[in-house]
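Observations on the model geometry
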Amino acid sequence: MPAPRLLRAGANRRYLRPLLFTTAGTLTAYTLYRAFAPRHSHPHIPSTNSPLPSKLPPIPSRLEQISRLRAASPSSPTSQIYDLIVIGGGATGCGIALDAASRGLKVALIERDDFSSGTSSKSTKLVHGGVRYLEKAVKELDYNQYLLVKEALKERAVFLETAPHLSMSLPIMLPIYHWWKAPYYWAGTKAYDFLAGKENLESSYFLTRGKAMEAFPMLKEEGLVGALVYYDGSHNDSRMNVALAMTSALYGATVVNHMEVTQLLKDSSGQITGVKVRDCLPSTTTPTITSFVKKSLFSSSSPFSPQSPEGTGEFEILAKGTINATGPFTDSIRSLDSPSATPIVAPSSGVHIVLPGYYSPARMGLIDPSTSDGRVIFFLPWQGNTIAGTTDAPTTITQHPMPREEEINWILSEVRRYLAPDINVRRGDVLAAWSGIRPLVRDPNAKNTEALVRNHLINVSESGLLTIAGGKWTTYRQMAQEAVDEAISHFNLTPASPISDPTSTAQQPLDPDIPGIISIDGTCKTEQLKLIGAHGYSKTLFINLIQHFGVETSVAQHLAGAYGDRAWTVASLSSPTHHRFPARGHLLNPLYPFVDGEVRYACRFEYAQTAVDVLARRTRLAFLNAQAALESLPKVIDIMGEELGWSGERREREWRDTVRFLESMGLPKKLSGMSRREVEEGRAARFDTEEEYKLYSRHDGLAEAEKPLQQ
């Protein structure tokens, strides 16, 4: 039958020729670019190999920061007006505060809840340019989408250099189940490498079927042709956000969490002149921090002592400019400016679930580029567990959105499609689940106000409210730079060195000889500014912690990765165990490496004010395992009660508020009604029925293959 054979040969040539041309062209262009491309534009940040932490000036306490806000009140006899007030303590808001403070501007940041309490703590934990955005840019010939990916890849490189302890490169596998997709995906990942240029993390590569199964043993083998592996970044998002806040305070910014803006102040011409705020914390809080810490944190010259009743209540703050960086809550601040302001946020819900670590390799992620409904899903190792997500659906804006059961089940069904059939993906394996709100935005000045902005948006209202919205975690620094540039131009601000500024909030001059500490000259230098914890960080830091403090190896590795060189202080605050080894560090939960010293450090040096602050944003336990967070809650409340002087009533309130929050993190309903006493007695860890026990352990005794031979 020669005719059909000739037809098949012609058809094969018709498909193979374009693939060969595409492959050859991509290879040639990539080779030339790697040979002649300029080196990355951001300056290299010198590192230090010192085993001891860098000596940095003490950061003011929260109540000292409040006293500084009061000093900018119209009623203050020494009113010191701020250059900028930033509303919102997420990634963008804290990035703006750091950028402005490092240029020598006098800046205050106000956050209603806690740093990273919203969208910024509920991300996919990726620092990425966006492979799927690059695909869209090519398919739709969208130049703006292309620029978005290129900008994000540049920022990814800066991200990993300025916070090396909180971020790392991560290989991500693209499994291939149809041979004809291999050249397409190969060309796409090579184009991704090409676009990153010298800032590329590692070159992508192809894996045969056997090598793919070796790298990702949990993968479904049937029909697998091979896999492509490319590199992106991963990070600890809320600890990154807290580091941004504390670094901005180090550079002189006034940073206050749990304080709400209730009104925008305006002059007779209708221009914004400041804000009115109120402290959201109960007035019964009376810090009783140990004397040696109090000496370093609270200045004797402060007009408001930690016990001062003036530290609470409503008051006004004056500023030359006000920036709205509140993410999903952007429109609520815009409505304070003008009740008739057109809403610009189109909220979208993104649900993630957390599974046990055995669902993925410790150092390899996976992407499904074509789910059953056309969306993209990631499957990533994070903090010893596995994150799977995300969904994308319209939602309403609430402070603690609840993940819907149908969204959780959809993610589980997609996970099952890619894992080996002998791996039983169970609903009971979901350790935590959360819903984050993406603040997609519309341009209020565009003709088509329904069209969503692909990147971020900067808008200044007639009364002078500067709003920045949209964007993503990876590009927070670029967004902050553009926002501060616009603020300097619009509000006629003059950046200056805080050393020469008598109204500066800086405590002590920072030593520019410390690697990563910048000299302030009024220009933006955040590309080379290391975040707190990075100055004395090294990959062998955890060994020093083990040898100096006798902490367990897994604990030392965790502390080094979460706190950088500040881990020395965290380890020193951990209680002695009175054992030979580990000598220090009582675990909050036996399943995870979080220790009591982290709670003390969070209270003394990171402005943690509630149990949720510690469990969700300082230790991440609530994101890793909601039940483990509940079981750890009594210890956390007791330690924080000692540090912050909580009354019995405040401790009871913390219990109720935290359990309510854990419900939004996937805590089972049967556990949310337990009392503290029941949890302390171990009731949360027990099985109610035999059927429930069988969900976790199907067999008792020896398996058939292990039974001893009869004599």
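A few points on the structure. Computed from a predicted structure; not experimentally measured.

Quick notes on the pattern of salt bridges
- Following the criterion strictly, the structure yields 42 salt bridges and no others.
- For Arg 617, the salt bridge identified is with Asp 114, shortest N-O distance 3.1 Å. Residue Arg 617 is found in helix 17 (residues 611-618), and its partner Asp 114 is found in the loop between strand 2 (107-110) and strand 3 (126-127); the two are separated by 503 residues along the sequence. Asp 114 carries the same exposure label as Arg 617, and that label is buried.
- Put simply, Asp 113, Asp 114, Arg 239, Glu 606, Asp 613, Arg 617 and Arg 618 are held in one network by salt bridges that share partners.

Brief notes about the nonpolar core
- In terms of nonpolar packing, the biggest core is built from 54 residues, with Leu 84, Ile 96, Phe 115, Met 240, Tyr 251, Val 255 and Leu 531 touching the most fellow members.
- At the level of elements, strand 1 (82-87), helix 3 (91-102), strand 2, helix 5 (143-162), helix 8 (237-250), strand 18 (465-470) and helix 12 (476-490) are the ones that each hand at least two residues to this core.
- Looking at this core element by element, the count peaks at eight residues for helix 8.
- For Val 255, the contacting residues outside a window of four places in its chain are Gln 65, Leu 109, Phe 115, Ala 245, Ser 248, Ala 249 and Tyr 607.
- In terms of nonpolar packing, the next biggest core, distinct from the first, is built from 42 residues, Val 599, Ala 608, Leu 624 and Ala 629 among them.

So, the packing of helix 19 (residues 626-644) against helix 20 (residues 648-663)
- Orientation of helix 19 relative to helix 20, taken along the N-to-C sense of each, is 155 degrees, at an axis distance of 10 Å. By the angle class used here, helix 19 and helix 20 are roughly antiparallel. Between helix 19 and helix 20 lies a crossing whose hand is right-handed. Where helix 19 approaches helix 20, its residues Ala 626, Ala 629, Leu 630, Leu 633, Pro 634, Ile 637, Asp 638, Gly 641 and Glu 642 are matched on the opposing element by Arg 651, Glu 654, Trp 655, Thr 658, Val 659 and Leu 662.
- Tallied by class, residues from the contact of helix 19 with helix 20 come to nine nonpolar, two polar and four charged.

A look at the environment of Ile 411
- Tracing the backbone shows Ile 411 in helix 11 (residues 405-418).
- We classify Ile 411 as buried; its relative accessible area is 0%.
- Counting along the chain gives 60 residues from Ile 411 to Val 351, while the straight-line C-alpha distance between them is 8.7 Å.
- Those residues within four positions of Ile 411 in sequence are excluded, and the remaining contacts are Val 351, His 352, Ile 353, Ile 377, Ala 388, Gly 389 and Thr 391.

Some remarks on the packing of aromatic side chains
- Applying the stated criterion to the full structure yields 16 aromatic pairs.
- Measuring from centroid to centroid gives 5.9 Å for Phe 159 and Trp 473, while their planes differ by 65 degrees, and the two rings are edge-to-face. Remark: Trp 473 occurs in the loop between strand 18 and helix 12 and Phe 159 occurs in helix 5; sequence separation between them is 314 residues.
- In this structure Phe 159 comes out as buried when scored by relative accessible area, which is 2%.
- Relative to Tyr 476, the ring of Trp 473 has its centre 5.7 Å away and its plane inclined at 75 degrees; by these criteria the two rings are edge-to-face.

Parameters at a glance
Residues numbered from 1 in each chain as written. Predicted model: local features only at pLDDT ≥ 70, side-chain atom pairs only at ≥ 80, totals over all residues. Heavy atoms only, no water. Salt bridge = Lys/Arg side-chain N within 4 Å of Asp/Glu carboxyl O. Helix = DSSP H or I, 4+ residues; strand = E, 2+ residues; numbered from the N terminus. Buried < 20%, exposed > 50% of the residue type's maximum accessible area, 1.4 Å probe, protein only. Core = buried A, V, L, I, M, F, W, Y, C linked by side-chain atoms within 4.5 Å. Contact = heavy atoms within 4.5 Å. Axes fitted to C-alpha atoms, helices over the stretch in contact; angles between N-to-C directions. Parallel < 35°, antiparallel > 145°, perpendicular 65-115°, else oblique. Left-handed = near helix turned anticlockwise from the far one by under 90°. Nonpolar A, V, L, I, M, F, W, Y, C, P; charged D, E, K, R; others polar. Phe/Tyr/Trp six-rings, centres within 6.5 Å; stacked < 30°, edge-to-face > 60°.

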